[in-house]
There are 2 protein chains.
Amino acid sequence: MSLRHALLGLLANRSASGYDLLKSFETSLANAWPATQSQVYGELGKLSAEGLLDVTAEGPRGRKEYSITESGRAELRHWLVEVEPERVRRSSMLLRVFFLDTLAPEEARTYLTAQAEVAAERNAGLRALEANVPWDGSPLSVYGRVALEYGLRLSQMQRDWAEWAAEQVTPPTT
Amino acid sequence: MSLRHALLGLLANRSASGYDLLKSFETSLANAWPATQSQVYGELGKLSAEGLLDVTAEGPRGRKEYSITESGRAELRHWLVEVEPERVRRSSMLLRVFFLDTLAPEEARTYLTAQAEVAAERNAGLRALEANVPWDGSPLSVYGRVALEYGLRLSQMQRDWAEWAAEQVTPPTT
DNA sequence: CAACTCATGTAACCAGTTACATGATTCA
DNA sequence: TGAATCATGTAACTGGTTACATGAGTTG
């Protein structure tokens, strides 16, 4: 049930169309909660049917502008302060680790160093993003920075772990 | 498509029944790829229909013992060495961060310190697990340790990040 | 013999992905 | 006027969760 709260959260800042929201999912939210077009339009319909959103304007090309209602704000707040976030549980990258014993040690090591490389690239990508965003002191920018920092620390940790793990597999011949 | 590979991976080490496999998903794989009973039985049926598994014994209470076939091993290997792991993308914990600006700073800080606490508890839980497992040098134990280390580093990083983030929100009055 | 564990299976539902389908407006 | 962008919607499918249903064998 997080998609609806993502929509409510975006619309809490400013009213927008499905098309506008979609772009937020492809950019800022891409690393926290991506969503597809069909999902967004479908959920907007349900949210307005339930009175959490209103259509407050209609523009060219059938554009509908959605605005959050009071009960929408209440639902968002409830989700933020009362509902415990579910932990992320699934990682096919980590699942593979359990089965590396079915490969030759050299192959297992190749897998782990490749993962280190993926994490390093992701870290570099986020650093580039960090450099391109204007970090004024606005509230949105503060929390955006906090979220980005999570990605930076995560990718760094993954890189360090994968390099360490690769060493565990074929220890340097002593 | 990772569930089937998790099953193949478990059966690559030893033949087992659906019931046996289910227990692996509740214990060792719980933190990498959990699965439910209905999912496991369903997938075992599909895998044997496709010839990746065979039923090699039947026991009391309708127990069926599944064994991996050669094409099952080939598929597992393919998945391990050729298929790029998909990155984990969804975190409702992180999604909430984007919308903390709709709360009072004090409430946002409460959220972040609570997340630090959750991560600390999880780290402690994994440490306890680490102490209770016999870490002989067996291949399974080596890779199990590597996976556990991932959890330890992740929870530590999450704790550090959440504490740092909480400080960003209401900086100590200077 | 009662309670517990072992053991499998199915049905309904929910969230998310991919693909199909359509058309208006803007801009070079 | 042709291409790009804006804009919405639906259908089919996949993976995962919850709940229902049944029954055999084991242990105290």
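Treat the numbers as computed from the prediction; the structure is a model and nothing was measured.

Engineer: Looking at this structure, I do not really get the overall build of chain A. What am I missing?
Structural biologist: Looking only at helices and strands, chain A features seven helices and two strands. The linear arrangement of helices and strands in chain A, starting from the amino end, is α-α-α-β-β-α-α-α-α. Taking 16 Å as the expected radius of gyration for a compact globule of 174 residues, we find that chain A reaches 21 Å, considerably beyond that expectation. Reported as C-alpha extents along the three principal axes, the dimensions of chain A are approximately 70 × 35 × 35 Å. Expressed as a percentage of its 174 residues, the buried residues of chain A come to 45%. Within chain A, contacts between residues at least 6 apart in sequence are counted, and of these 52% link residues at least 24 apart.

Engineer: When you look at the packing of helix α1 (residues 2–13) of chain A against helix α4 (residues 70–81) of chain A in this model, what are you seeing that I'm missing?
Structural biologist: The relative placement of two packed helices comes down to the angle between their axes together with the axis-to-axis distance. Residue and element names in this part refer to chain A. Axis separation between α1 and α4 bottoms out at 9 Å; the angle between their running directions is 120 degrees. One element, α1, and the other, α4, form an angle in the oblique class. The handedness of the crossing between α1 and α4 comes out as left-handed. Between α1 and α4, the residues in contact are Ser2, His5, Leu8, Gly9 and Ala12 and Gly72, Arg73, Glu75, Leu76 and Trp79, respectively. Residue composition of the contact of α1 with α4, by class: four nonpolar, four polar and two charged.

Engineer: Sorry, what's going on with the protein's contact with DNA strand C here?
Structural biologist: Around DNA strand C, 19 residues are found, and the nearest of them are A:Ser38, B:Tyr19, B:Gln37, B:Tyr41 and B:Lys64. One nitrogen or oxygen atom from the main chain of B:Gly18 is found 3.4 Å from a phosphate oxygen belonging to DNA strand C. B:Tyr41 places a side-chain nitrogen or oxygen 2.6 Å from a phosphate oxygen of DNA strand C. Broken down by element, the residue count for the surface near DNA strand C peaks at three residues, all from helix α3 (residues 37–49) of chain B.

Engineer: Could you clarify how one ought to interpret the protein's contact with DNA strand D in this entry?
Structural biologist: Near DNA strand D there are 19 residues, and of these A:Tyr19, A:Gln37, A:Tyr41, A:Lys64 and B:Ser38 occur at the shortest range. Those atoms of DNA strand D that come within 4 Å of the protein belong to sugar or phosphate at a rate of 63%. A:Gly18 has a polar backbone atom sitting 3.5 Å from a phosphate oxygen of DNA strand D. Between DNA strand D and B:Gln39, the relevant distance is 2.8 Å, taken from a phosphate oxygen to a side-chain nitrogen or oxygen of the residue. Within the residue set of the surface near DNA strand D, elements represented by two or more residues are α2 (18–26) and α3 (37–49) of chain A together with α3 of chain B. When residues in the surface near DNA strand D are grouped by element, the largest group, three residues, is from α3(A). Along the lines of polarity and charge, the residues of the surface near DNA strand D split into six nonpolar, eight polar and five charged.

Engineer: How should the pattern of salt bridges be read in this particular structure?
Structural biologist: A pair can form between side chains of opposite charge whenever their charged atoms are brought close. Enumeration over the complete set of coordinates arrives at 18 salt bridges over all chains. Residue A:Arg63 pairs with A:Glu65 through a salt bridge whose shortest N-O separation is 3.3 Å. Among the residues examined, A:Arg63 registers a relative accessible area of 31% and is labelled partly exposed. B:Glu149 serves as the salt-bridge partner of B:Arg153, at 2.8 Å between the closest nitrogen and oxygen. With B:Arg153 and B:Glu149 both in helix α7 (residues 139–169) and four residues apart, the pair spans about one turn of that helix.

Engineer: Could you clarify how one ought to interpret the domain arrangement of chain A in this entry?
Structural biologist: Interfaces are often sized by the amount of accessible area the parts lose when they come together. Under the domain assignment, chain A is made up of domain 1 (2–81) and domain 2 (92–169). Between domain 1 of chain A and domain 2 of chain A, the C-alpha centre-to-centre distance is 30 Å.

Engineer: Would you explain the side chain of B:Thr69 in this entry?
Structural biologist: Residues and elements named next belong to chain B. Take Thr69: it is sitting in the loop between β2 (64–68) and α4 (70–81). Among the residues examined, Thr69 registers a relative accessible area of 12% and is labelled buried. From its side chain, Thr69 meets the backbone oxygen of Gly51 in a polar contact 2.7 Å long. Engagement of the side chain of Thr69 in a polar contact is seen with the backbone oxygen of Leu52, the distance being 3.0 Å. Non-local contacts of Thr69, meaning those with residues more than four positions away in its chain, are made with Gly51, Leu52, Leu53 and Asp54.

Engineer: Explain the interface of chain B and chain A to me, please; I cannot follow it from the model alone.
Structural biologist: In this assembly, 64 residues from chain B lie in contact with 65 residues from chain A. Of the roughly 6500 Å² buried between chain B and chain A on both sides combined, carbon and sulfur atoms contribute 68%. Its largest share of buried area at the contact with chain A, chain B owes to B:Arg96, B:Tyr143 and B:Tyr150, together 12% of the area lost on that side. Residue B:Glu107 pairs with A:Arg77 through a salt bridge whose shortest N-O separation is 2.4 Å.

Rules used in this analysis
As a convention, each chain's residues are numbered from 1 in the sequence order in which they are written. As a convention, the first chain written is A and the first ligand written is 1, with the rest following in written order. Thresholds applied to this predicted model are a pLDDT of at least 70 for local features of residues and 80 or more for the giving and counting of side-chain atom pairs; totals over whole chains, interfaces and linings are not thresholded and use all residues. No hydrogens and no water enter the side-chain calculation; it runs on all heavy atoms of the structure. Helix and strand definitions here come from DSSP, where helices need a minimum of 4 consecutive H or I residues and strands a minimum of 2 consecutive E residues; each element is numbered from the N-terminal end. Only C-alpha atoms enter the radius of gyration, while the globule expectation follows 2.2 Å times N to the 0.38, with N the number of residues. Only protein chains enter the accessibility calculation, which uses a 1.4 Å probe. A residue is then buried if its area is under 20% of the maximum for its type, exposed if over 50%, and partly exposed in between. Should any heavy atoms of two residues lie within 4.5 Å, those residues are considered in contact. Here, axes are lines fitted to C-alpha atoms. For helices the fit covers the stretch in contact, and angles between N-to-C directions go from 0 to 180 degrees. The labels follow the angle: roughly parallel below 35 degrees, roughly antiparallel above 145, roughly perpendicular from 65 to 115, and oblique for the rest. Left-handed is the label given to a crossing in which the near helix is rotated counterclockwise from the far helix by less than a right angle, and right-handed is the label when the rotation is clockwise. Residues are sorted three ways: Asp, Glu, Lys and Arg are charged, Ala, Val, Leu, Ile, Met, Phe, Trp, Tyr, Cys and Pro are nonpolar, and all the rest, Gly among them, are polar. Here a residue is near a molecule or strand as soon as one of its heavy atoms is found within 4 Å of it. Distance and chemistry together define a polar contact, namely a pair of N or O atoms within 3.5 Å, with one atom able to donate a hydrogen and the other to accept it when in protein, and with adjacent residues in sequence counting only for side-chain atoms on both sides. Any carboxyl oxygen of Asp or Glu within 4 Å of a side-chain nitrogen of Lys or Arg constitutes a salt bridge here. These domain limits were set by an automatic method or by a database of domain assignments. Using a 1.4 Å probe, buried area is obtained as the accessible area two parts lose upon being combined, added over both of them.

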